[in-house]
Amino acid sequence: ETGVTQTPRHLVMGMTNKKSLKCEQHLGHNAMYWYKQSAKKPLELMFVYNFKEQTENNSVPSRFSPECPNSSHLFLHLHTLQPEDSALYLCASSQQGAGNQPQHFGDGTRLSIL
Amino acid sequence: GENVEQHPSTLSVQEGDSAVIKCTYSDSASNYFPWYKQELGKRPQLIIDIRSNVGEKKDQRIAVTLNKTAKHFSLHITETQPEDSAVYFCAASRPNYGQNFVFGPGTRLSVLP
């Protein structure tokens, strides 16, 4: 399944670097999500976008900055990250407005902060 | 807010045996419960889901049961195979927050040959 594509797959960066994660969905969905997955922790919802509008920010530090230019693309801009931010970052999409629908995930970006 | 607990955290079964994973949730308004399977190094993939208007759903070797009164739901895998080895996540919807979910912490299932 290639419905949700994330790039890059792996990223190593220093604490002072600026980088961006990209997510693209080809499923015609109108909602997109960023999750953080750390070892031995549940999936943590970070941001939600419905029809390009941010509808949820789960108390995420400002060093993470999302951007959703259209319903098919989602970015996560990273700046001055901390070692504890090392994790797998997953993007997902779903179809809102049609009752409860499952979310479809990308393969994730494995982020390592030096 | 919604809290989802999942047990056990790890589960080992012999090939051919059954596996059961249980989840509890706290928000009585939750009405949709998907289950995801995540193999090592891969994305979480939906394997089955259930809505609050039914008590059980089955798809080949996989079944899910829901007890709304007790606020718990379970995943049942019969005739387990080595390829069933993965981490399984349950989730519960948050009706007051659009179609977002709260995920359980996951169960690592190992099917021993």
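Conventions adopted
Residues numbered from 1 in each chain as written. Chains lettered and ligands numbered in written order. Predicted model: local features only at pLDDT ≥ 70, side-chain atom pairs only at ≥ 80, totals over all residues. Heavy atoms only, no water. Contact = heavy atoms within 4.5 Å. Salt bridge = Lys/Arg side-chain N within 4 Å of Asp/Glu carboxyl O. Polar contact = N/O pair within 3.5 Å; in protein donor to acceptor, adjacent residues only side chain to side chain. Helix = DSSP H or I, 4+ residues; strand = E, 2+ residues; numbered from the N terminus. Nonpolar A, V, L, I, M, F, W, Y, C, P; charged D, E, K, R; others polar. Disulfide = S-S within 2.5 Å. Buried < 20%, exposed > 50% of the residue type's maximum accessible area, 1.4 Å probe, protein only. Core = buried A, V, L, I, M, F, W, Y, C linked by side-chain atoms within 4.5 Å. pLDDT = per-residue confidence, 0-100. Pairing = 2+ DSSP bridges. Axes fitted to C-alpha atoms, helices over the stretch in contact; angles between N-to-C directions.

Visitor: Outline the interface of chain B and chain A, listing residues and values.
Guide: Taken together, the contact pairs 21 residues of chain B with 27 residues of chain A. Counting the contacts that link chain B with chain A gives one salt bridge. With its nearest N and O atoms 2.8 Å apart, the salt bridge here joins aspartate 107 of chain A to arginine 43 of chain B. Our count for the contact surface shared by chain B and chain A stands at four residue pairs in polar contact (both at pLDDT 80 or more). The set of elements that each furnish at least two residues to the side of chain B that touches chain A consists of β4 (32-38), β5 (45-51), β9 (86-93), β10 (96-99) and β11 (101-103) of chain B. Residue composition of the side of chain B that touches chain A, grouped by class: nine nonpolar, nine polar and three charged.

Visitor: Break down the state of the cysteines for me, with residues and values.
Guide: Scanning the model with the defined rule gives two disulfides over all chains in all. Between the sulfur atoms of cysteine 23 of chain B and its disulfide mate cysteine 90 of chain B the distance is 2.0 Å. For the disulfide bridge between cysteine 23 of chain B and cysteine 90 of chain B, the dihedral angle about the S-S bond is near -100°, and by the sign convention the bridge is left-handed. Of this pair, cysteine 23 of chain B sits in strand β3 (residues 19-25) while cysteine 90 of chain B is found in strand β9, placing the two residues 67 residues apart along the sequence. You can see cysteine 68 of chain A has no disulfide; the closest cysteine sulfur is in cysteine 91 of chain A, sitting 9.0 Å from it. A residue is classified by how much of its surface remains accessible, and cysteine 68 of chain A, at 11% relative accessible area, is buried.

Visitor: Any details on the nonpolar core? Residues and values, ideally.
Guide: With 25 residues, the main nonpolar core has Trp35, Phe73, Leu75, Tyr88 and Leu109 of chain B as its most contacted residues. Sorting the residues of this core by element identifies β2 (10-14), β3, β4, β5, β7 (62-67), β8 (72-77), β9 and β12 (107-112) of chain B as the ones contributing at least two each. If sequence neighbours within four positions are ignored, tyrosine 88 of chain B has contacts with Gln6, Ile21, Tyr36, Lys37, Ile47, Leu75, Ile77, Gly106, Thr107 and Leu109 of chain B. Cys23, Phe47, Val60 and Leu111 of chain A belong to the second largest nonpolar core, which has 22 residues in total.

Visitor: Describe the confidence of the model for chain A, listing the residues and the values that go with them.
Guide: With 96% of its residues at a pLDDT of 70 or more, chain A has an overall mean of 90. Taken element by element, the predicted model of chain A shows its lowest mean pLDDT in strand β6 (residues 53-57) of chain A (72) and its highest in strand β1 (residues 4-7) of chain A (97).

Visitor: Quick rundown of the sheet that holds strand β7 (residues 64-70) of chain A? Include the residues and the values.
Guide: Residues and elements named next belong to chain A. What the four strands build is an open sheet, ordered β1-β3-β8-β7; its pairing is antiparallel. Among the strands making up the open sheet, the edge pair consists of β1 and β7. Going from strand to strand, the sheet's axes swing by 15° on average, the running direction of each strand aside.

Visitor: Lay out the sheet that holds strand β1 (residues 4-7) of chain B with the relevant residues and their values.
Guide: All names here are of chain B. Sheet architecture is open: five strands sit in the order β1-β3-β8-β7-β6, paired in antiparallel fashion. On the outer flanks of this sheet lie β1 and β6 (56-59), each paired with one strand and no other. Between one strand axis and the next, the sheet turns by 15° as a mean value, whatever way the strands run.

Visitor: Can you explain the pairing of strand β2 (residues 10-13) of chain A? Please cite residues and give values.
Guide: All names here are of chain A. The two faces of β2 differ: Leu11 and Met13 on one face are buried, but His10 and Val12 on the other face are not. Sheet topology places β2 next to strand β11 (residues 109-113); four bridges connect them, and they run parallel. The partner of leucine 11 across the bridge, within β11, is leucine 111.

Visitor: Can you tell me about the pattern of salt bridges, naming the residues and giving the values?
Guide: Counted according to the given criterion, the structure contains five salt bridges over all chains. The shortest N-O distance in the salt bridge between aspartate 107 of chain A and arginine 9 of chain A comes to 3.9 Å. One end of the pair, aspartate 107 of chain A, is in the loop between β10 (104-105) and β11; the other, arginine 9 of chain A, is in the loop between β1 and β2, with 98 residues separating them in the sequence. Residue aspartate 107 of chain A is classed as partly exposed on the basis of its relative accessible area, which comes to 25%. Among the ionic pairs, arginine 61 of chain B bridges to aspartate 84 of chain B, the shortest N-O distance being 2.9 Å. Remark: aspartate 84 of chain B occurs in the loop between β8 and β9 and arginine 61 of chain B occurs in the loop between β6 and β7; sequence separation between them is 23 residues. With relative accessibility at 6%, the residue aspartate 84 of chain B sits in the buried group.

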